[in-house]
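# Coordinate analysis (summary)
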Amino acid sequence: MLANEAKLAQVLLNVLINAAQAIPDGYRHANEVHICTFRRDDNVVISVSDTGVGIADDILDRAFDPFFTTKDAIKGTGLGLSISRQILQQFDGRIDIDSSPGAGTTVEITLPVHTG
Ligand SMILES: Nc1ncnc2c1ncn2[C@@H]1O[C@H](COP(=O)(O)OP(=O)(O)OP(=O)(O)O)[C@@H](O)[C@H]1O
Ligand SMILES: [Mg+2]
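Residues numbered from 1 in each chain as written. Chains lettered and ligands numbered in written order. Predicted model: local features only at pLDDT ≥ 70, side-chain atom pairs only at ≥ 80, totals over all residues.

## Describing the packing of helix H1 (residues 5–22) against helix H3 (residues 80–90)
Basically, it comes down to this: Here, axes are lines fitted to C-alpha atoms. For helices the fit covers the stretch in contact, and angles between N-to-C directions go from 0 to 180 degrees. In this text, helices come from DSSP runs of H or I with a minimum length of four residues, and strands from runs of E with a minimum of two, each type numbered from the N-terminal end. Crossings are assigned a handedness: left-handed for a near helix turned anticlockwise from the far helix by less than a right angle, right-handed for a clockwise turn. It is the C-beta atoms, placed from the backbone, that decide contacts: two residues are in contact if theirs lie within 7 Å. Residue polarity is assigned by list, with Asp, Glu, Lys and Arg as charged and Ala, Val, Leu, Ile, Met, Phe, Trp, Tyr, Cys and Pro as nonpolar; anything else, Gly included, falls into the polar class.
Taken N-terminus to C-terminus, the directions of H1 and H3 make an angle of 150°; their axes are 9 Å apart at the nearest point. The interaxial crossing formed by H1 with H3 has left-handed handedness. Residue-level contacts link Lys7, Gln10, Val11, Asn14, Val15 and Asn18 of H1 to Gly80, Ser84, Ile87 and Leu88 of H3. Its residues assigned to classes, the contact of H1 with H3 comprises 4 nonpolar, 5 polar and 1 charged.

## Considering the sheet that holds strand S4 (residues 105–112)
Using the following cut-off: Between any two strands, pairing holds if DSSP finds at least two bridges.
Taken together, 4 strands build an open sheet; the order of strands is S1-S2-S4-S3 and the sheet is antiparallel. Each edge of the open sheet carries a strand with a single partner, namely strand S1 (33–40) and strand S3 (94–99). Averaged over all adjacent pairs, the angle separating strand axes in this sheet is 20°, with direction ignored. Bridge count between strand S2 (residues 43–50) and S4: 8 bridges; the pairing is antiparallel.

## Some thoughts on the pairing of S4
Every other side chain in a regular strand lies on the same face of the sheet, so the side chains alternate between the two faces. By the bridge criterion, 6 bridges tie S3 to S4 in an arrangement that is antiparallel. The residue bridging Arg94 from the neighbouring strand is Thr110, located in S4. The antiparallel hairpin formed by S3 and S4 contains 5 residues in its connecting segment, where Gly102 sits at a positive phi of about 85°.

Shown next, in the form of structure tokens:
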């Protein structure tokens, strides 16, 4: 199935909000969210990195589970990553997270280049 703007916006919105919420209050000049896009072989990649708190391995193992959240009930339902993964799978894409506590997080969204 071909990707579309609305679905990709839904994925990106969640990833960007996750990045912003991972950055503690204060230290405005020390913190960044970087977005870049590039081509890797037959795929396009959208990479979103943040300088936030990072994710411990045991949390990373569960981050894609539906309703898994470490946030307050008002801030998170824990559905963002699980829905994002489902959406990308419909388009033969994927979402991967590389993170460690204190070292920030990089999320890569990968989609095959259209060859129609
Ligand atoms: N960039 C990030 N930095 C640190 N932790 C993250 C990051 N992205 C995701 N997480 C962790 O993964 C968990 C699951 O993320 P997910 O987007 O599925 O749900 P949520 O953000 O908690 O809630 P929702 O997306 O439904 O508002 C988060 O609660 C958080 O612990
Ligand atoms: Mg989220």
